[in-house]
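Tertiary structure, described
The chain contents come next:
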Amino acid sequence: MIIDSKETKIQILGEPRIPSPLSGKIKGGYTNRFVSEDERIICAVEKKDIQHYLDNNLEIPSFEKAGPREKIYFDPSKLKCAIVTCGGLCPGLNDIIRSVVLELHHCYGVRNIYGIKYGLQGFMPEYGHDVVDLTPGTVSNILDMGGTILGSSRGTQDIGGVVDCLERMNTGILFMVGGDGTLMAANKIADEINSRNLKISVIVIPKTIDNDIYLVSKTFGFDTAVDIATNAIKGAHNEAAGYPYGIGLIKLMGRHAGFLAATAALAQQDANFVLIPEIEMDLHGESGFLCSLEKRLIERKHAVIVVAEGAGQKFFSDQKTEYDPSGNIKLKDIGVFLKNEIIAWFKEKNIPVSLKYIDPSYMIRSLPANANDSVFCGFLGRDAVHAGMAGKTKLLVSHWNNNYVHIPMEASAGKRKNVDPQGKLWQSVLEATGQGCLVNDCNTN
Ligand SMILES: Nc1ncnc2c1ncn2[C@@H]1O[C@H](COP(=O)(O)OP(=O)(O)OP(=O)(O)O)[C@@H](O)[C@H]1O
Ligand SMILES: O=P(O)(O)OC[C@H]1O[C@](O)(CO)[C@@H](O)[C@@H]1O
Ligand SMILES: [Mg+2]
C-alpha cells in the first residue's frame, strides 16, 4: 500500500489557541496526556513499502496520531455540536453517540449537543424531523438497545441544504457516523463549508460490519458481527449434521468484501465452503461449487456453506441492475439462488438432501455491541471529539497500525479495502475448509 505524504495532511479551521480544559481535569491521570502534532504513525505496514520511499528519496508518509491536544480551537462554552448516523445499522452506533456526548459534556464542558434524526434527512426541513437534545441523561441507558437512538436513512440529499442547516443551527462540529457513502457525503459537506468560508469541523467515525473502509484496519461493529455470525454457523452445522445429507447454508452481509464471512468461518470452523465476492467461483463443471459440494456430501454426509451476499453476482448478469436510494447497487440474492441450485442439482442426482437456509443478516447488524466493540467505540468517540475540539476537519478517526490516527477524508473516500486472495485471512480459510479452488480453470484464480 503506497500512499503519498500529501494525502496524510489534515486540514485545520484555524490556529488552536485556547488551553484545553482537559489539563489536570482527569483525576489520577497523567498531567500531560496531550498528543503533539509531531507524534505520527507510519502509514506503511510492510518493510517493502518503506523501502519504496527510501529508494525514491521520498518522505515516509505517516498519519497524525489521534488524541487530546494541549490547545483547542473551539470555546466549549459557546460551541454547538451535532451528531448524525447514516446508512445501515451496525452494532456500536449507540456506544459512539454516548462516548461523543460524554466526552464533550464532561471533559470539555460543551453544553449544546444535538442529535440529527434519520441520517441526512434530518438536515432537510421538508422531512420535519426534530433534533434531539443530547445530554449525559439522554444517553445513559442506550448501550443495551442496539440500532441507533437517532435513527438513520439512505437516500441522496442536497449537500448545500445540509450546510444551510448547519449554518442555521450555528454548528461548530459535525460528527458523522457512517460507511463509504457517508464518507463521500462528508467530504462534499466539508468542501461546501470551505467554499462558504465557514468554521465548521466535519469528523467521520467510520462504520460498517463489512469492514471494507480503506485505511481503516477494523471498523467498530465488525467484531460483534463476527460473534453473532458464529452462532448462525453453529446452528447451521447442527442442522446439517442432524440429518443424512444435511446441508447448512448461511448468508452473511458483505456487499463487496468477504471479511465477515471469512472471519466468522475461522471463528466457528464448521464451514466447508466460504464464498466471497473477491474469489471467483464456477457453479458447474468438475471443479465447480456443485461438484465439490457433492463430493463433500458423499464423503462426510453433511456440509456447511457460508456465502457473503456479494459473492457470485455474475450469475445474475442477465438481470437488470437496480439501485437503492443512496445509489448503491442492490445485490441479487445469492443465498436463495444457491439454495435453489443446490436443491435442483441433488434432485437431478437423486440424492435426498436436507437443506436448511439461514439468513441472519439484519439480526447481526442491529444488535448491541459486544464488550470489545464497546471499548473500541469509546476510543473512537473520544478521539473524534479531541480532533473536532482542536479545530481539525475533513478527517476520519481510524485504527491503523495498532494506533488511533486521523485520516484525511480524501485519502479514503471512494476507495475500498478487500480480502486479499493471497493474504493470511483467505489462505487460512482455504486451510480450514479444504474447499480448494472452485473454478474450472484454476490457474486464472
Ligand atoms: N457520493 C455521494 N455524494 C453525496 N452523498 C452521498 C454519496 N454517497 C452516499 N451519500 C449519502 O450518504 C448517506 C449514507 O450513504 P449510504 O446509504 O450509502 O450508507 P453508508 O454510509 O455507505 O453506510 P453502509 O455501510 O451502511 O452502506 C446517504 O444519505 C447517501 O445519500
Ligand atoms: O438493506 P440495507 O439497509 O439497504 O443494507 C444492506 C447493506 O448494508 C450493509 O449492512 C452495510 O451497512 C451491507 O452489508 C449490506 O449490503
Ligand atoms: Mg455503503
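The written sequence of each chain sets the order in which its residues are numbered from 1. Written order determines the labels here, with chains lettered from A and ligands numbered from 1. Residue-level local features of this predicted model are given only where pLDDT is at least 70; pairs of side-chain atoms are given and counted only at 80 or more, and the full residue set underlies all totals for whole chains, interfaces and linings.

Note the threshold: UniProt positions are given in the numbering used here, feature names are shortened, and annotations may be inferred rather than shown by experiment.
Going by what an unreviewed UniProt entry lists, the protein chain is known as ATP-dependent 6-phosphofructokinase and is assigned to Desulfamplus magnetovallimortis. The Cofactor (unreviewed entry) field of the UniProt record for the protein chain holds the comment "Mg(2+)". Quoted verbatim from the Subcellular location (unreviewed entry) field of UniProt, the annotation for the protein chain is "Cytoplasm".

1. What about the sheet that holds strand β16 (residues 395-400)?
For clarity, the cut-off: Strands are treated as partners if at least two bridges between them are detected by DSSP. Elements are defined by DSSP. Helices are runs of H or I of four residues or more, strands are runs of E of two residues or more, and each kind is numbered from the N terminus. A pair of residues counts as a contact when their C-beta atoms, built from backbone coordinates, are separated by no more than 7 Å. Interaxial angles span 0 to 180 degrees and are taken between N-to-C directions of axes, which are lines fitted to C-alpha atoms, for helices over the stretch in contact.
Reading across the sheet, the nine strands line up as β3-β4-β17-β16-β10-β9-β6-β7-β8 and stay open at both edges, with mixed pairing between neighbours. Each end of this open sheet is capped by a strand with a single partner; those strands are β3 (40-42) and β8 (132-133). Two strands pair when backbone bridges link them, and strand β7 (residues 112-116) and β8 are joined in this way by two bridges, in the antiparallel orientation. Note that in β8 the partner of Gly 115 across the bridge is Val 132. Where helix α2 (residues 93-108) meets the sheet, its contacts fall on β6 (80-85), β7, β9 (173-178) and β10 (201-206), and the angle it forms with β6 comes to roughly 175°.

2. Concerning the site of ligand 1
Put simply, the rule reads: In this entry, near means the residue's backbone-placed C-beta atom lies within 6 Å of the molecule or strand.
Looking at ligand 1, there are 21 residues lining it, with Gly 87, Gly 88, Gly 179, Gly 181 and Ser 326 nearest. The greatest single-element share of the shell around ligand 1, amounting to six residues, is contributed by helix α4 (residues 180-195).

3. Digging into the pairing of strand β13 (residues 302-308)
The line we're drawing: Three exposure classes are used. Buried residues have 20 or more other C-beta atoms within 10 Å of their own C-beta, exposed residues have 12 or fewer, and partly exposed residues fall in between, all C-beta atoms being placed from the backbone. Orient the strands so they point away from the viewer, and a crossover whose first-strand-to-second-strand path over the helix runs clockwise is right-handed.
Judged by how many residues are buried, β13 sits mostly within the fold: seven of seven residues are covered. On β13, burial covers both faces: His 302, Val 304, Val 306 and Ala 308 on one face and Ala 303, Ile 305 and Val 307 on the other are all buried. Of the strand pairs in this sheet, strand β11 (residues 246-252) and β13 are connected by seven bridges, and their pairing is parallel. Among the inter-strand pairings, Lys 251 is bridged to a residue of β13, identified as Val 307. Pairing geometry for strand β12 (residues 273-275) and β13, over three bridges, is parallel. In the strand pairing of β13, Val 274 is matched with Val 306. Once the chain exits β12 it traverses helix α7 (residues 289-300) before rejoining the sheet at β13, and the crossover so formed is right-handed.

4. Describing helix α5 (residues 222-241)
We apply this condition: What a helix is expected to span follows from its residue count: subtract one and scale by 1.5 Å.
The end-to-end C-alpha distance of α5, which contains 20 residues, comes to 28 Å, matching closely the 28 Å that a straight helix rising 1.5 Å per residue would cover. α5 sits mainly inside the fold: 14 of its 20 residues count as buried.

5. Let's talk about unusual backbone geometry
For Asn 57, which is not glycine, the phi dihedral falls at a positive 55°. In this structure, Asn 57 sits in the loop between α1 (47-55) and β4 (62-65). Residue Asn 57 is classed as exposed on the basis of its C-beta count, with 6 C-beta atoms lying within 10 Å. Although it is not a glycine, Lys 394 adopts a positive phi angle of roughly 55°. Residue position: Lys 394 is located in the loop between β15 (392-393) and β16.

6. Comments concerning the packing of helix α3 (residues 159-168) against α4
Heads up, the condition is: Working rule for angles: under 35 degrees goes down as roughly parallel, over 145 as roughly antiparallel, 65 to 115 as roughly perpendicular, anything else as oblique. Definitions for this section: a left-handed crossing has its near helix turned counterclockwise from the far helix by less than a right angle. A right-handed crossing has that turn clockwise.
With their axes 9 Å apart at the nearest point, α3 and α4 run at an angle of 60° to one another. On the basis of the axis angle, α3 is oblique to α4. The handedness of the crossing between α3 and α4 comes out as right-handed. Judged by residue contacts, Ile 159, Gly 160, Val 162 and Val 163 of α3 engage Lys 188, Ile 189, Glu 192 and Ile 193 from α4.

7. Thoughts on the sheet that holds β13
The four strands are arranged β12-β13-β11-β14 in an open sheet whose pairing can be described as parallel. Of all strands in the sheet, those bounded by a partner on one side alone are β12 and β14 (354-358). In this sheet, adjacent strand axes meet at a mean angle of 15° when their direction is disregarded. Its contacts with the sheet put helix α6 (residues 259-267) on β11, β12 and β13, and the angle it makes with β13 is roughly 150°. Lying on the sheet, α7 is in contact with β12 and β13; it crosses β13 at an angle near 150°.

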